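# A structural walkthrough
Chain residues, written in single-letter form:
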Amino acid sequence: MSSHREAPEISKDPVADNTDVYAFVSPDRPDTVTLIANFIPFQSPQGGPNFYEFGDDVLYGIHVSNRGDARADVSYLFRFRTRIRNQNTFLYNTGPIGSIGDPNWNRPQLYSVTKVTRGDDEPQVLGAGLLTPPVNIGPRSTPDYARFTPQATHHLSGGRRVFAGQRAEGFFVDLGSIFDLGTLRPFQHLHLIPSAAAVGVNGTQGLNVHTIAIQVPRRELTRDGQTPTDVLSPKSVIGVWATASRHKSRIFDAKKGRTSGHGPFQQVSRLGNPLFNEVIVPMASKDRWNSLPPYTDSEFAKYVTKPELAGLLPVLYPGVFPNLAAYTKPRADLAAILLTGIPSGVVPGFQNFTGPVQADMLRLNLAVPPATTPHPLGLVAGDAAGFPNGRRVFDDVVTVELRAVAGLTIPLVDPSFTPDGAASAIKDGTSNTNAPYLAHFPYLGTPAGGYQTKPGIPAA
């Protein structure tokens, strides 16, 4: 749901579908920042014989803006190339896969990483011929799967690390409840169509995604090339988003039995903040939004300052949100959180303001150190290292954004407003029920195995 199948056209093209973007100062290497972009939503681990993989015909990108204009100053671009070792078998693997270079893996995938810096004439190839791991098939085909993660974590020049491959889905949300006319906890019984209290069900349980993760020195992403130390300095803040692009023209080659791309690349998917296109942009505009750069997002600001969900809550839950129902001012709090970053003076000792250009980006203050005791509700719970200051893999972004939309953050910009009691109680009611997050790069857990997984039940 963060950005899983969030627009009509991209839902038909899962290999290019951004699902989540994460950006945070690395807790195990605090001199670096970790950028993660996930793709290919709702992967069933049993998806053979044609298991999930990155698209050879897709250009994947993670972008960073540091000048305040929501344009890419540093981009990391990823291209994939798939090989078939044995042309005469339908099998993904012809025996147990003991390492990422094992010849028993019949369909290995390699990739390149290229850094593009604004103003530089020549892109910088950081790595080529890098291997992804195979997907997690089962204990016979991919025994001891966790060992593939360090094998597929490649060390690049300049203290960089990169990983691309399948991981356990780290985003958690009760999809069935939320999309059933906004059934929210803990007041389902007060809905227009009431229901009994029930435990939240993680709609991504037992599913996998494909992850692109890169870890780079913090100074590599700042406008002056220095490691930031002052939280209140504008130079400490970056904006982050990810994209997927396809060639403008695709032609079916009957001799090869597949399509091939031609012409320049055209962006078909993008993502910064979780849930932005999902629940803010109207359905008729979602596909167009996916094709646009962030610096054009002022056109969508009206949906942020008057979000549809904020108007629906008092209707779906009569009497639960009276203060929200009576609030008619534009939602300056949401505009700050989602479109500009939070200026100095709103949260004492903190800011992640990128300037007046309205754009959907994750905003990360690189001078904020990792939390010693992280809180999944991030900044609203006093943990400035968490969402909406960047986003960590374990941040409970659904609950944070639901509470913000419900009015909890309005007093930050309008002290005259008193949030409804329900605003601080509303919650999704789920947590990560897939493999545990890792304490180190690439942070997302071991993907569920095809043999081990029962539909809807997590497996190691």
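Refer to the structure above for everything that follows.
Residues numbered from 1 in each chain as written. Predicted model: local features only at pLDDT ≥ 70, side-chain atom pairs only at ≥ 80, totals over all residues. Heavy atoms only, no water.

## Brief notes about the overall build of the protein
- On a plain count of helices and strands, the protein comes out with 9 helices and 12 strands.
- In summary, the protein has a C-alpha radius of gyration of 22 Å against a globular reference of 23 Å for 460 residues, a match within 12%.
- A principal-axis box enclosing the C-alpha atoms of the protein has dimensions of 70 × 55 × 45 Å.
- Counting over 460 residues, the protein shows a buried share of 56%.
- Accessible surface, the protein as shown: approximately 18,500 Å² in total, 57% of it carbon and sulfur.
- The centroid of the 41 positive side-chain charges in the protein is displaced by 4 Å from the centroid of its 38 negative side-chain charges. (Helix = DSSP H or I, 4+ residues; strand = E, 2+ residues; numbered from the N terminus. Rg over C-alpha atoms; globule rule 2.2 N^0.38 Å. Buried < 20%, exposed > 50% of the residue type's maximum accessible area, 1.4 Å probe, protein only. Areas by Shrake-Rupley, 256 points an atom, 1.4 Å probe, with all protein chains shown as cover. Lys, Arg positive; Asp, Glu negative; His and termini not counted. Charge placed at Lys NZ, Arg CZ, Asp CG, Glu CD.)

## Looking at the environment of A335
- As for its position among the elements, A335 is in helix 8 (residues 332-340).
- Note: C-alpha distance between A335 and V304 (31 residues apart in sequence) is 6.1 Å.
- In this structure, A335 is in contact with V304, T305 and T340, ignoring residues within four places of it in sequence. (Contact = heavy atoms within 4.5 Å.)

## Section: the nonpolar core
- Judged by nonpolar contacts, the single largest core of 84 residues is most densely connected at L35, Y60, F78, L221 and F321.
- Within the second largest apolar cluster, 15 residues are counted, among which are I280, W289, A301 and A404. (Core = buried A, V, L, I, M, F, W, Y, C linked by side-chain atoms within 4.5 Å.)

## Considering helix 4 (residues 283-291)
- All of the buried residues in helix 4 are K286, W289 and N290. Buried residues of helix 4, seen end-on, are gathered within an arc of 95° and therefore sit on one face of the element.
- Residues of helix 4 that are buried make contact with strand 11 (258-271) and helix 3 (276-279). (Arc of directions from axis to C-beta.)

## Comments concerning the pattern of salt bridges
- Under the criterion given, the structure shown has 19 salt bridges.
- The salt bridge partner of D57 is R246, with a shortest N-O separation of 2.7 Å. With D57 in the loop between strand 2 (32-43) and strand 3 (58-65) and R246 in strand 10 (residues 237-253), this pair connects stretches of sequence that are 189 residues apart.
- Residue D57 is classed as partly exposed on the basis of its relative accessible area, which comes to 25%. (Salt bridge = Lys/Arg side-chain N within 4 Å of Asp/Glu carboxyl O.)

## Focus on the packing of aromatic side chains
- Scanning the entire structure with this criterion turns up 15 aromatic pairs.
- Between Y92 and W105, the aromatic rings sit 6.3 Å apart at their centres with planes inclined by 50°, giving tilted as the arrangement. You can see Y92 sitting in the loop between strand 4 (74-82) and strand 5 (109-117) and its partner W105 sitting in the loop between strand 4 and strand 5, a full 13 residues away along the chain.
- Plain terms: the ring middles of F187 and Y317 are 5.4 Å apart, the flat faces sit at 80° to each other, and that makes the pair edge-to-face. With F187 in the loop between helix 2 (175-178) and strand 9 (208-217) and Y317 in the loop between helix 6 (308-316) and helix 7 (322-326), this residue pair connects regions lying 130 residues apart in the sequence.
- Through a chain of ring-to-ring contacts, three or more aromatic side chains come together here, namely F39, F54, Y60, F80 and Y111.
- Seen from the ring of Y451, R140 lies directly overhead, with NZ or CZ sitting 4.6 Å from the centre.
- Just above the ring of F148 sits the side chain of R147; from NZ or CZ to the centre is 5.6 Å. (Phe/Tyr/Trp six-rings, centres within 6.5 Å; stacked < 30°, edge-to-face > 60°. Lys NZ or Arg CZ within 6 Å of the ring centre and 35° of its normal.)

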